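Results of the structural survey
For reference, the chains in residue letters:
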Amino acid sequence: MLMRFFNRKAHNVFNAIGEVREALGTQQYIASDEIATVMFLAEKLGKPVLAEGPAGVGKTELSKAWAGATGRELIRLQCYEGLDETKALYEWEYAKQLLYTQLLRDKLNDLLVGSKTLGEAADRLAAEEDVFFSDRFLLPRPLLRAITSDKPVTLLIDEIDRADAEFEAFLLEILSDFQVSVPEIGTIKAKHQPIVLLTSNNTRELSEALKRRCLYIHIDYPTFDSELQIVNLKVPGLSPKLASQAVELVQRLRGMELKKHPSVSETIDWARALVELNAKHLDRATLDTTLSVLLKYESDLAKARRAIGREDRGRSN
Amino acid sequence: MDDRIIQFIDALRASGVRVSVAESADALRAIEATGIADKELFRLAMRATLVKEAHDIPEFEKLFPSFFGTGAPPMPNQPGGGMSQEDRDKLAQMLEQMLANMTPEQLRQLFEAMMSGENMSREQLQQLLSQYTSQGQMTNPYYQPWMTRRAMRELQFDRLDELLQELLEKLREAGVSEEALQQLAQEARENQSALAEQIGQEVGANMLRRAAEERRQPPPIDELLDRPFDRLRYEEIDDMRAVITRLAAQLRSRAALRQRRGNRGQLDAKATIRANQRFAGVPLDVRHKKKHLKPKLTVICDLSTSMRPIVAFMLMLVYALQDQVSRTRSYAFVSDLFDISNDFNESRPDVAIEAVQQRIRPGYYNTDLGNSLATFARDHLGTVDRRTTVIVLGDGRNNHNDPNLRDFEAIRRRARKLVWFNPEHPRQWGTGDSDMLAYVPLCDAVHRVSNLRELVDAVDSLFVRR
């Protein structure tokens, strides 16, 4: 449905944004206006999207949903410190190359039989050189796969802030021209321009050059209403009243000074736990057993328990 | 419309958001795709293409309405719409007569707009304002109501009432019914107040724009670089922050380049085979594992009153270089040592520095480096290993306490390097209560850091391999 729209010439933009949101909705992803607009622009302008924000607000989920909505394959590159181009782009299959030379030795002899001079033999060999430096021996890594894929794909470059600054510079060629150079083969251009999503948890500043090439979106914790909507969608078993109580508590926890605030995915996990435990309301005992799903530090847990306890006492007085 | 977008981008730049030419081109392309009919969509498209830092978003949101704001509500009525055809003709005729010989010009325009209900475009309003009102110097939003009233007075906005009365009088003479007149007056007044609101908004927009332009002067970087720390004025500290961010970026790329040149590691078999594929596997071009020289830093800062600004800049610089450092621990002392690493792990450097300075306050004459070194040697010596560079940032003035050279020596034995940054001139070392001369022979390097340039050079030297 979505692709039909993007191929259409005359269009109505309002519908387009609505359609983007609807398409993401079919993947159980609730998109804000902002997200829908940025995805629309990414598709229209063919630019990569850089999504920043705290951990667990659905940045990675967005790319999965987008791949699902557009019916494209998702290719994921997880970044980490020390990631280099042999892991991200391509690697020669040395073993296979050596094996082939060994196996083809006879054939090579045949080829060279009858050449009168050394020069002629060399020329004949050179004519066959391509065999050894071809796609056949190229082991594609995520980036090359995304570029050479026959079908359009969605490329997710996850947690780019964890990769080194050099790797970021290396990405620039791919992100702006969608092509890579392999010295032995030449430049490979993308058959279909992939939709690229980069995510960052902002553990370090990304370079200006990278940011310049991307559309930017800052995804923050959702508001009460949209988080409730997400919980209702993802955990249908939870009663509406309990769901709204749970989300309210999560939102309050985010307002507190904690080492790590609960993310949306943790809210969902917690909601699932509540369903599993068949909880009817958020009483003391339920909270004691399940709060550790939301908060991952002992000090945070203690702080939250104290705050909730204080409130309960306040209510009973 | 494009003009307005360009102006907006200018204003964004002026208020400190970095927007490149490529990005402004992207913004125009994005708007081609979304159109401008939907304000919300337009705003989001502009934001996604122009603003690339979360902390710049508030600035964008503040400026946007003053350029593209929904504006004040349009004038609601077309006066005289409910009158009979005959009356309407009379109205048109009278209006034309009045307008024909009305002066001054701006009043004629306003009156025409008010009586016809045709909204003036923002450009027209701007023109009106720039021609007929004096532009004030006020840029503080607090003065907006006052500035608006002044603009109204200069436009002679009050006289619209008189003119309306005059028109009504003429129509009454011409025999238009009282009921129709009252309705006309009502409609015209509603238009008038809408017009007033629109003008108010434009005045506000102008003030914001001027404020953005005023902020344009870039800080005199060279001058700031050489200014001694103790002679920095309070308001220059913000400028310094911007300078430090840039210097840190330079330092970072310099450090990264140095790392790449380092080629003295082990043989990298994979990379060698890969590089020599084109020589049929004969290793002509031997590759080595890149040795990443990422120092571990331990910073011990003197937080006594005189040292505070330097400590703040130093920590900002060190923490801006985090990706070139494998681990940083920081400690602050006045009379005793505090581990402040956690503050920096949990929040942004500028916030953390603020928090630390709030928490650890200097008293009078209680700096005790000796005691602090003892605490460090007792509790934290385990964190120092042969890859750690320990930096002491202080003036070495110890209030005649024991300099505790024994523990200082112990730290030096464990560390890769022990470096001292001192803001005082070497001449002053050893004078008064300064124990600096006792420490100097034990240090691998001593740098004088009395201004930002020296500080940057000193920090840079930490990344030079030896």
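Below: a short report on this structure. The residue count restarts for each chain, going from 1 along the sequence in the order it is written. All chains are assigned letters beginning with A, and all ligands numbers beginning with 1, in the order in which they are written. With pLDDT at 70 or above as the cut-off, local features in this predicted model cover only qualifying residues; side-chain atom pairs require 80 or more to be listed or tallied, and sums for whole chains, interfaces and linings still use all residues. Side-chain numbers here rest on the full set of heavy atoms in the structure, without hydrogens or water.

Some details on a nonpolar patch on the surface
Using the following cut-off: Note on patches: the residues involved have over 30% relative accessible area and no salt bridge, like charges join within 9 Å, and the nonpolar side chains Val, Leu, Ile, Met, Phe, Trp and Tyr join within 5 Å. The accessible surface values rely on the Shrake-Rupley method and a 1.4 Å probe; as for residues, cover is taken only from the protein chains in view. One side-chain nitrogen of Lys or Arg within 4 Å of one carboxyl oxygen of Asp or Glu is enough to make a salt bridge. For helices the rule is a DSSP run of H or I covering at least 4 residues; for strands it is a run of E covering at least 2, with both sets numbered from the N terminus onward.
A cluster of nonpolar side chains, contributed by Leu99(A), Leu103(A) and Leu104(A), occupies part of the molecular surface with about 290 Å² of accessible area. In this structure, Leu99(A) sits in helix H6 (residues 94-103).

A few points about the packing of aromatic side chains
Where two aromatic rings form a pair, the distance of their centres and the angle of their planes describe that pair. Convention followed: Any two of the Phe, Tyr and Trp rings considered here, Trp counted by its six-membered ring, make a pair once their centres fall within 6.5 Å; the pair's planes then place it as stacked at under 30 degrees, edge-to-face at over 60, or tilted in between. For the exposure calls, accessible area comes from a 1.4 Å probe over protein chains only, and a residue counts as buried if that area is under 20% of its type's maximum, exposed if over 50%, partly exposed in between.
Considering all chains together, one arrives at 12 aromatic pairs over all chains under this definition. Between Phe167(A) and Phe170(A), the aromatic rings sit 5.5 Å apart at their centres with planes inclined by 40°, giving tilted as the arrangement. One end of the pair is Phe167(A) and the other is Phe170(A), both in helix H10 (residues 165-177) and three residues apart, which spans about a single turn. For Phe167(A), a relative accessible area of 3% gives the class buried. Among the aromatic residues, ring-to-ring pairing joins Phe8(B), Phe42(B), Phe60(B) and Phe64(B) into one connected group.

Overview of the sheet that holds strand S1 (residues 49-52) of chain A
Residue and element names in this part refer to chain A. Rule in force here: When DSSP finds two or more bridges between a pair of strands, those strands are recorded as paired. To get an axis, a line is fitted to the C-alpha atoms, and for a helix only the part in contact is used. The angle between two axes follows their N-to-C directions and goes from 0 to 180 degrees.
Across the sheet, five strands lie side by side as S2-S5-S8-S1-S9; this open sheet has parallel pairing. Because the sheet does not close on itself, it has two edges, and the strands there are strand S2 (73-78) and strand S9 (215-218). Ignoring strand direction, the axes of neighbouring strands in this sheet form an average angle of 20°. In terms of strand pairing, S1 meets strand S8 (residues 195-200) through four bridges, oriented parallel. Paired with Ala51 across the bridge in S8 is Thr199.

Quick notes on the pattern of salt bridges
Inspection of the entire model under this criterion finds 37 salt bridges over all chains. A salt bridge links Glu61(B) to Arg43(B); the shortest N-O distance between them is 2.7 Å. Here the residue Glu61(B) occupies a position in helix H4 (residues 57-68), and Arg43(B) occupies one in helix H3 (residues 39-50), the gap between them amounting to 18 residues. Judged by its relative accessible area of 26%, Glu61(B) falls in the partly exposed class. Owing to a relative accessible area of 16%, Arg43(B) belongs among the buried residues under this scheme. In this structure, Arg287(B) engages Asp285(B) in a salt bridge whose closest nitrogen and oxygen atoms are separated by 3.0 Å. On the basis of relative accessible area, Asp285(B) is assigned to the partly exposed category, the value being 24%. Look at the salt bridges and you will find they share partners, linking Glu34(A), Glu40(B), Arg43(B), Arg47(B) and Glu61(B) into a network.

Some words on the environment of Ile353(B)
Residue and element names in this part refer to chain B. The condition that has to hold: By definition, residues are in contact when any of their heavy atoms lie within 4.5 Å.
By secondary structure assignment, the location of Ile353 is in helix H16 (residues 349-359). Classification of Ile353 by relative accessible area gives buried; the value is 7%. Sequence separation between Ile353 and Val311 is 42 residues, and the spatial gap between their C-alpha atoms is 8.8 Å. Setting aside anything within four residues of it in sequence, one finds Ile353 in contact with Ala312, Leu315, Met316 and Phe344.

Structural notes on the interface of chain A and chain B
Let me state the cut-off plainly: Buried area is understood as the total, over both parts, of accessible area removed when two parts are fitted together, assessed with a 1.4 Å probe. Polar contacts here mean pairs of N or O atoms no more than 3.5 Å apart (in protein, one a potential hydrogen donor and the other a potential acceptor; neighbouring residues in sequence count only if both atoms are side-chain atoms).
Counting from both sides, the interface comprises 35 residues of chain A and, opposite them, 33 residues of chain B. Buried area between chain A and chain B, summed over both chains or domains, comes out near 3,000 Å², and the portion from carbon and sulfur atoms is 58%. The largest per-residue losses of area from chain A upon contact with chain B belong to Leu45(A), Tyr94(A) and Tyr216(A), which jointly make up 19% of the total buried on that side. Inspection of the chain A/chain B interface yields four salt bridges. The residue Arg18(B) makes a salt bridge to Glu208(A) at a minimum N-O spacing of 3.9 Å. Seen at the junction of chain A and chain B, the total is eight residue pairs in polar contact (both at pLDDT 80 or more). Mapped by element, the contributors of at least two residues to the side of chain A that touches chain B are helix H2 (13-26), helix H3 (33-45), helix H5 (85-88), strand S3 (90-92), H6, helix H11 (208-212) and S9 of chain A. Considering every element that reaches the side of chain A that touches chain B, the biggest residue donor is H3(A), with eight residues.

Considerations on the side chain of Glu202(B)
Here Glu202(B) shows up in helix H10 (residues 178-214). Judged by its relative accessible area of 2%, Glu202(B) falls in the buried class.

As for the packing of helix H14 (residues 308-320) of chain B against H16(B)
Angle between the axes and distance between the axes are the two parameters that describe a pair of packed helices. All names here are of chain B. What counts is decided by this rule: Handedness of a helix crossing follows the sense of rotation of the near helix relative to the far helix, less than a right angle counterclockwise being left-handed and clockwise being right-handed. Residues are grouped as follows: nonpolar covers Ala, Val, Leu, Ile, Met, Phe, Trp, Tyr, Cys and Pro; charged covers Asp, Glu, Lys and Arg; every other residue, Gly included, is treated as polar.
Direction vectors running N to C along H14 and H16 enclose 150°, while the axes themselves pass 10 Å from each other. Regarding H14 and H16, the two cross each other, and that crossing is right-handed. Here Arg308, Ala312, Leu315, Met316 and Tyr319 of H14 come into contact with H16, specifically with Pro349, Ile353 and Gln357. Each residue belonging to the contact of H14 with H16 can be placed in one class, and the counts come to six nonpolar, one polar and one charged.

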